[in-house]
Amino acid sequence: MRVIKSARVMSQACRQAPHPLGLVPTMGALHDGHLSLVRRARAENRTVAVSIFVNPAQFGNPQDLECYPEDLERDLDLVRREGVDLVFTPTAKEIYPAGFDTWVEVGAIGDKLEGAHRPGHFRGVATVVAKLFNLVRPDLAYFGQKDGQQTVVIQQMVRDLDLGLTVVVCPTVRQADGLALSSRNVHLTPEQREAAAGVYQAILRADELWRSGEKKASVLRQQVRKILENQLLIDGIDYVSVAAAGTLDELDDSNESIQDVVPGTMVSVAVHYGQVRLIDNILLD
Ligand code: PAF
């Protein structure tokens, strides 16, 4: 496994490597969710590249950036065991050298949900991902459904900018009680950790209602919110969304059978446990 810090060397190595080449972009602090992406990439490509870069451009809040967990040696160990070929571990200066001033602006899709609560977040994500795609030129790139809006934003960018690669979205990996794996979970207290399983229970309720025939988005939203509001350790709810999976436009009740009209519905939430902000989502159907 080659560990490469330089963008120029990474680009060269990727051009010389056997294709198809699969890229798994990460910010490190790897867990089984990331490793599921790596395994899928390993199964589908001749070369697997992983990037580990905590991208300052996608953090609005400097404290959030500072607290982001980092353990490069452990991460390298984990990906080595998965048979990864190339790991890109650039510094911030390598990605954003002095004078860097070109950004990928995301349209309306980036202003909703996460974008509304973290202004500039998706501009930072889209810019770094576009740079990684240009350096690595992957045939396939792997992302987790856990960051549901991010997958929609990246797919839109790939389409709009004719980036000519396939975005593979892999299922969310959960702990036994349903909590979605996230690098932020390590910041939960034991009590918060136990309570946080309730986030999944809340969105599962929407799935249950949906399957039993309840198609009104307002009812699904209200029921999910009610469950979250009854959870004592939750300090705030940023949003409860029931939206078209492809556009993230909020659904209304105008059509009793929204299922027929919009293929795919995403129920997503963002909540706070003290300083820790958790997101999760579920696709109906
Ligand atoms: O999902 C992440 O870890 C990040 O947003 C990504 C895609 C690696 C871009 O920094």
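Preceding block: the structure.
None of the values given here were measured: they were computed from a predicted structure.

Trainee: Lay out the sheet that holds strand β2 (residues 21-26) in plain terms, naming residues and giving numbers.
Mentor: Read from one edge to the other, the open sheet built from six strands follows the order β1-β4-β3-β2-β5-β6, with strand pairing classed as parallel. Looking along the sheet, the strands with just one partner apiece sit at the ends: β1 (2-4) and β6 (166-170). Across the sheet, the mean angle separating the axes of adjacent strands is 25° when strand polarity is ignored. Two elements, β2 and strand β3 (residues 47-52), share six bridges in a ladder whose sense is parallel. Its bridge partner lying in β3, Pro-25 is registered against Ser-51. Running at roughly 150° to β2, helix α7 (residues 121-136) makes contact with β2, β3, β4 (86-88) and β5 (140-144) of the sheet.

Trainee: An account of the sheet that holds strand β8 (residues 265-273) is needed here, citing residue identities and associated values.
Mentor: Read from one edge of the open sheet, three strands run β7-β8-β9, paired in antiparallel fashion. Both outer strands of the open sheet, β7 (236-244) and β9 (276-284), are each paired with one neighbouring strand and no more. Averaged over all neighbouring strand pairs, the angle between strand axes comes to 10°, with direction disregarded. Examined bridge by bridge, β8 and β9 share nine bridges and lie antiparallel to one another. By the bridge assignment for β9, His-272 is matched with Arg-277. Of the strands in this sheet, β8 and β9 are in contact with helix α10 (residues 197-211), which crosses β9 at around 20°. Against the sheet, helix α11 (residues 217-229) engages β7, β8 and β9, with an angle of about 155° to β7.

Trainee: Quick rundown of the pairing of β3? Include the residues and the values.
Mentor: Within β3, six of the six residues are buried, which leaves the element mostly enclosed by the surrounding structure. Considered for its hand, the β-α-β crossover made up of β2, helix α2 (residues 32-44) and β3 is right-handed. In this structure, β3 lies alongside β4, joined through three bridges in parallel fashion. If you follow Ala-49 over to β4, its bridge partner there is Leu-86.

Trainee: Mind laying out the packing of aromatic side chains, listing which residues take part and the relevant values?
Mentor: If you walk through the whole model with that rule in mind, you get six aromatic pairs. With centroids separated by 5.2 Å and ring planes inclined at 85°, the aromatic side chains of Phe-100 and Trp-103 adopt a geometry described as edge-to-face. The exposure class assigned to Trp-103 is partly exposed, which follows from its relative accessible area of 27%. Their ring planes at 75° and their centres at 6.4 Å tell us that Phe-133 and Phe-143 sit as a pair that is edge-to-face. With Phe-133 in helix α7 and Phe-143 in strand β5, the pair connects residues that are 10 residues apart, well separated along the chain. The buried category is assigned to Phe-143, whose relative accessible area is 4%. Three or more aromatic residues link up through ring pairs in this structure, and these residues are Phe-53, Tyr-96, Phe-100 and Trp-103. Taking the ring centre of Trp-210 as reference, the NZ or CZ of Lys-215 above it sits at 4.2 Å.

Trainee: Give me the pairing of β5: which residues, what numbers.
Mentor: Residues in a regular strand point their side chains to alternate faces of the sheet. Most of β5 sits inside the fold, with four of its five residues counted as buried. When β5 meets β6, the two strands line up parallel, connected through five bridges. Across the sheet, residue Leu-140 finds its bridge partner in β6, namely Thr-166. Between the parallel elements β5 and β6, the chain passes through helix α8 (residues 148-160) in a crossover that is right-handed.

Trainee: Tell me about the site of the ligand, and please be specific about residues and values.
Mentor: Taken together, Pro-25, Thr-26, Met-27, Asn-55, Gln-58, Val-128, Val-129, Phe-143, Asp-147 and Gln-150 make up the full set of residues near the ligand. A distance of 2.6 Å separates an oxygen atom of the ligand from a polar side-chain atom of Gln-58. Contact distances for the ligand include 2.7 Å between an oxygen atom and a side-chain N or O atom of Gln-150. Compared with its free state, where it exposes 290 Å², the ligand has 90% of that area covered by protein. Looking at the shell around the ligand residue by residue, the class counts come to five nonpolar, four polar and one charged.

Trainee: Account for the pattern of salt bridges, with residues named and values stated.
Mentor: This model, assessed by the stated rule, comprises 19 salt bridges. The closest approach of N and O atoms between Arg-221 and Glu-250, which form a salt bridge, is 3.2 Å. Separated by 29 residues along the polypeptide, Arg-221 in helix α11 and Glu-250 in the loop between β7 and α12 (258-261) bring together distant segments of the chain. By relative accessible area, which is 39% here, Glu-250 ends up partly exposed.

Parameters and conventions
Residues numbered from 1 in each chain as written. Predicted model: local features only at pLDDT ≥ 70, side-chain atom pairs only at ≥ 80, totals over all residues. Heavy atoms only, no water. Pairing = 2+ DSSP bridges. Helix = DSSP H or I, 4+ residues; strand = E, 2+ residues; numbered from the N terminus. Axes fitted to C-alpha atoms, helices over the stretch in contact; angles between N-to-C directions. Contact = heavy atoms within 4.5 Å. Buried < 20%, exposed > 50% of the residue type's maximum accessible area, 1.4 Å probe, protein only. Right-handed = clockwise from strand over helix to strand, strands pointing away. Phe/Tyr/Trp six-rings, centres within 6.5 Å; stacked < 30°, edge-to-face > 60°. Lys NZ or Arg CZ within 6 Å of the ring centre and 35° of its normal. Near = heavy atom within 4 Å. Polar contact = N/O pair within 3.5 Å; in protein donor to acceptor, adjacent residues only side chain to side chain. Areas by Shrake-Rupley, 256 points an atom, 1.4 Å probe, with all protein chains shown as cover. Nonpolar A, V, L, I, M, F, W, Y, C, P; charged D, E, K, R; others polar. Salt bridge = Lys/Arg side-chain N within 4 Å of Asp/Glu carboxyl O.

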